[in-house]
Amino acid sequence: MAPKKHLVTRLWIMLCISFLSAPGFAKDKGVDVVVTDAYAEMHTGPGHSHPIFHVVEKGETLHISKRYTDWYKARTLKGKVGWVHRDELRDTLGLQGEEIVFNEADREAYRDRTWELGVGGGSFSGSRSLSTYLGLHMTRNLSTELRYTQAFGSFSNSKLLALNILHEPFPDWKVSPFFTLGSGVIRINPSSDIVQTEERDNSVLTVGGGFLFYVSRSFLFRVEYNDHTLLTERESNEEVDEWKAGFSVFF
Amino acid sequence: MEGRFQRIFLIALTVFLAQGALAQDAQESDGQTVLDAVINPDIEPRNIDEDLIDSENFEAGIFAGVMSVEDFGSNNVFGVRLAYHVTEDLFLELASGQTSTTETSYETLSGGSPLLTDAQRTLTYYNVSLGWNLLPGEVYLGKYAFNTSYYIIGGAGNTMFADNEYFTYNFGGGFRMALTDWVAFRLDFRNHLFTHNILGDDKSIQNLETHLGLSLFF
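Here the structure is a predicted model, which is why all the values come from computation and not from measurement.

K.L.:
Which residues make up the overall build of chain B, and what values do they have?
P.N.:
When its secondary structure is counted, chain B shows three helices and nine strands. Going from N to C terminus, chain B has its helices and strands arranged as α-α-β-β-β-β-α-β-β-β-β-β. Buried residues in chain B amount to 39% of all 218 residues. A separation of at least 24 residues holds for 55% of the contacts in chain B among residues at least 6 apart in sequence. Accessible area for chain B stands at about 11,900 Å²; split by element, carbon and sulfur atoms hold 62% of it.

This is the structure in structure tokens:
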């Protein structure tokens, strides 16, 4: 039993060491910048409410290593470490005088977004529904998204997993319309306390459309209508109306 | 240090101007103005790749605690979560937890047949919530300062219990303490609300949960 215990202890120690050294690898990451604003305020933490404990003067060099939302963790040459807001670094330059552009979540970033993650709720054929999706933008007009929807009805619950393609003909418009085409599978689960019926799986074809509104920063608001056609083995296919609204973030 | 940078800058500027002056002779014949040759910078503006800066907006964690499911006892709960910090104030969180409920007091007292099978007694939930960091601050332990925040959180999701699924709202609050930039400790209080009819009639129940968790930021 004893050697096995040693092995476990050794494994634990190895695990702990690898865990502790993990951030060590990231240490050489980062960029050096020169502050060109009159000054930059350094906070003790990544938030406006954290106190300012140091002011970086114009011309000083900062090493930026980390980012948390709009805040950058910076170290001065004298070894002061704190968090600086992106707005204060807007006009910084690199050591060779090159321009540095910090990605900011704004309208321009919204236009060039790659990933989109959203949640929403609404009505799925009259019952409450929740949905979440992950979208990938291939061009400014075309994107694809993987969407999971769950609906809670009085007689049955449904789960829908679908892959959609979105076309945004006018991505520059303030309220931008889009059209969806998709396909997926739906599982309908009758409530166990009503009748003992089988759950059923169906393929689904989806046509829909809606509007995207850019709110601010990395937020967008989205309203959508979908018409799902359930391909059943019975004589007629079923149609399901779905309305939903939700918000998304992009990154 | 600052003096050295000024010197380097001045040397760079001198070399730069000298080059401009040399180029001037060559370019004047091309019909370009003297001014253009002096002002046009040699150095191309270069955008620095921001991928060099580690962004820590995602949070992944595990938690363990106690969840009281109305009528079905207070039991251990375990779960995982993934969060995305949108701004310093707002975050989006996906969480999932599981608890094994025990017999209702009726089942225990009457000694009758159990209402649910063991498999049906397992309650699993997942939810999507929006959190708001309400009171950011710091705590001091000895000479160390740790960033903290109190937050409120609320959302909706799904509860799987007794062979059925229920639309569930959740709301609550919590406390987050960052031990380093990439590890945080969390304490959460949540209420999960849903309506079931396991005991005959529709019944809206409140299920309180409290848990401790550890999160990694990446």
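Still more ground to cover, so stick around.
K.L.:
Go over the overall build of chain A, please, and point to the residues and values.
P.N.:
In terms of helices and strands, chain A carries two helices and 15 strands. In chain A, which comprises 251 residues, the proportion classed as buried is 42%. If you take every contact in chain A between residues at least 6 apart in sequence, the share linking residues at least 24 apart comes to 48%. Only carbon and sulfur atoms are counted for the fraction: they give 61% of the accessible area of chain A, which is about 13,800 Å².

K.L.:
Give a detailed account of the side chain of A:H137, specifying residues and quantitative values.
P.N.:
Residue and element names in this part refer to chain A. Within the secondary structure, H137 is located in strand 9 (residues 127-137). Given the relative accessible area of 13%, H137 is considered buried. Within the structure, the side chain of H137 is placed 3.4 Å from the side chain of R113, a separation counted as a polar contact. Each residue touching H137, except ones within four places of it in the same chain, is listed here: R113, T114, E116, L142, S143 and E168.

K.L.:
Summarise the pairing of strand 5 (residues 122-141) of chain B; cite the residues concerned and give the values.
P.N.:
Each regular strand shows side chains that alternate between the opposite faces of the sheet. Residue and element names in this part refer to chain B. Sheet analysis places strand 4 (residues 90-100) next to strand 5, joined by eleven bridges and oriented antiparallel. Residue pairing for strand 5: A95 is matched across the bridge by N127. Pairing of strand 5 with strand 6 (residues 144-161) involves 17 bridges; the strand directions are antiparallel. Residue N127 lies in a different strand from strand 6, and its bridge partner there is G157. Between strand 5 and strand 6, which pair antiparallel one after the other, the connecting turn spans two residues, and G142 there sits at a positive phi close to 65 degrees.

K.L.:
An account of the environment of B:Q120 is needed here, citing residue identities and associated values.
P.N.:
Residue and element names in this part refer to chain B. Checked against the element boundaries, Q120 lands in the loop between helix 3 (105-110) and strand 5. A residue is classified by how much of its surface remains accessible, and Q120, at 19% relative accessible area, is buried. Separated by 20 residues in sequence, Q120 and S100 have C-alpha atoms that sit 9.2 Å apart. Not counting residues within four places of it along the chain, the set of residues in contact with Q120 comprises L115, F161, A162 and D163.

K.L.:
Before we move on, could you go through unusual backbone geometry and cite the residues and values that matter?
P.N.:
Of note, A:S125 is a non-glycine position whose phi angle comes to about 55 degrees, a positive value. Inspection of the secondary structure puts A:S125 in the loop between strand 8 (115-124) and strand 9. With relative accessibility at 48%, the residue A:S125 sits in the partly exposed group. In this structure, B:A162 is a non-glycine residue whose phi angle is positive, near 50 degrees. Since its relative accessible area comes to 10%, B:A162 is described here as buried.

K.L.:
Quick one: what's the story with the sheet that holds strand 4 of chain B, residue by residue and with numbers?
P.N.:
Read once around its circumference, the closed barrel built from eight strands follows the order 2-3-4-5-6-7-8-9 (chain B), with strand pairing classed as antiparallel. Mean inter-strand twist for the sheet, computed between neighbouring axes without regard to direction, equals 25 degrees.

K.L.:
Please give an account of the packing of aromatic side chains that cites residues and values.
P.N.:
Here the structure, examined in full by the defined rule, presents 18 aromatic pairs over all chains. Residues B:F91 and B:Y151 carry aromatic rings whose centres are separated by 5.4 Å and whose planes lie at 85 degrees to one another, so their mutual orientation is edge-to-face. With a gap of 60 residues between them, B:F91 in strand 4 and B:Y151 in strand 6 connect regions that are remote in the sequence. Accessibility assignment for this pair places B:F91 and B:Y151 in one class, buried. An aromatic cluster of three or more residues is present, and its members are A:F251, B:F58, B:Y84 and B:F218. Cation over ring: A:R222 sits above A:Y133, and NZ or CZ is 4.5 Å from the ring centre.

K.L.:
Quick rundown of the sheet that holds strand 8 of chain A? Include the residues and the values.
P.N.:
Strands belonging to one sheet form pairs held by backbone hydrogen bonds; the direction of such a pair is parallel or antiparallel. All names here are of chain A. Spatially, eight strands are ordered 8-9-10-11-12-13-14-15 in a closed barrel, and the strand pairing comes out antiparallel. Averaged over all neighbouring strand pairs, the angle between strand axes comes to 25 degrees, with direction disregarded. With 13 bridges connecting them, strand 13 (residues 200-216) and strand 14 (residues 219-231) associate as antiparallel partners. Note on strand 14: the bridge partner recorded for F211 is V223.

K.L.:
Residue-level account of the nonpolar core, with values.
P.N.:
Residues B:M67, B:F72, B:L116, B:L123, B:Y125, B:F161 and B:I198 are the most contacted members of the largest nonpolar core, which totals 14 residues. Sorting the residues of this core by element identifies strand 2 (58-68) and strand 5 of chain B as the ones contributing at least two each. With 13 residues, the next largest nonpolar core counts A:V33, A:L62, A:A74 and A:L89 among its residues.

K.L.:
For the environment of B:F161, give the residues involved together with the corresponding values.
P.N.:
Residues and elements named next belong to chain B. Along the chain, the position of F161 falls in strand 6. It is 9.5 Å that separates the C-alpha atoms of F161 and I198, two residues lying 37 residues apart in sequence. Beyond its immediate chain neighbours, meaning those up to four positions away, F161 contacts F72, T101, L116, Q120, R121, T122, L123, Y166 and I198.

K.L.:
Can you tell me about the side chain of A:S129, naming the residues and giving the values?
P.N.:
Residue and element names in this part refer to chain A. Within the element layout of this structure, S129 appears in strand 9. Residue classification places S129 among the buried residues on the basis of a relative accessible area of 4%. Not counting the four nearest positions on each side in its chain, S129 is found in contact with G120, G121, G122, S123, F124, T149, Q150, A151 and E242.

Cut-offs and rules
- Residues numbered from 1 in each chain as written.
- Chains lettered and ligands numbered in written order.
- Predicted model: local features only at pLDDT ≥ 70, side-chain atom pairs only at ≥ 80, totals over all residues.
- Heavy atoms only, no water.
- Helix = DSSP H or I, 4+ residues; strand = E, 2+ residues; numbered from the N terminus.
- Buried < 20%, exposed > 50% of the residue type's maximum accessible area, 1.4 Å probe, protein only.
- Contact = heavy atoms within 4.5 Å.
- Areas by Shrake-Rupley, 256 points an atom, 1.4 Å probe, with all protein chains shown as cover.
- Polar contact = N/O pair within 3.5 Å; in protein donor to acceptor, adjacent residues only side chain to side chain.
- Pairing = 2+ DSSP bridges.
- Axes fitted to C-alpha atoms, helices over the stretch in contact; angles between N-to-C directions.
- Phe/Tyr/Trp six-rings, centres within 6.5 Å; stacked < 30°, edge-to-face > 60°.
- Lys NZ or Arg CZ within 6 Å of the ring centre and 35° of its normal.
- Core = buried A, V, L, I, M, F, W, Y, C linked by side-chain atoms within 4.5 Å.

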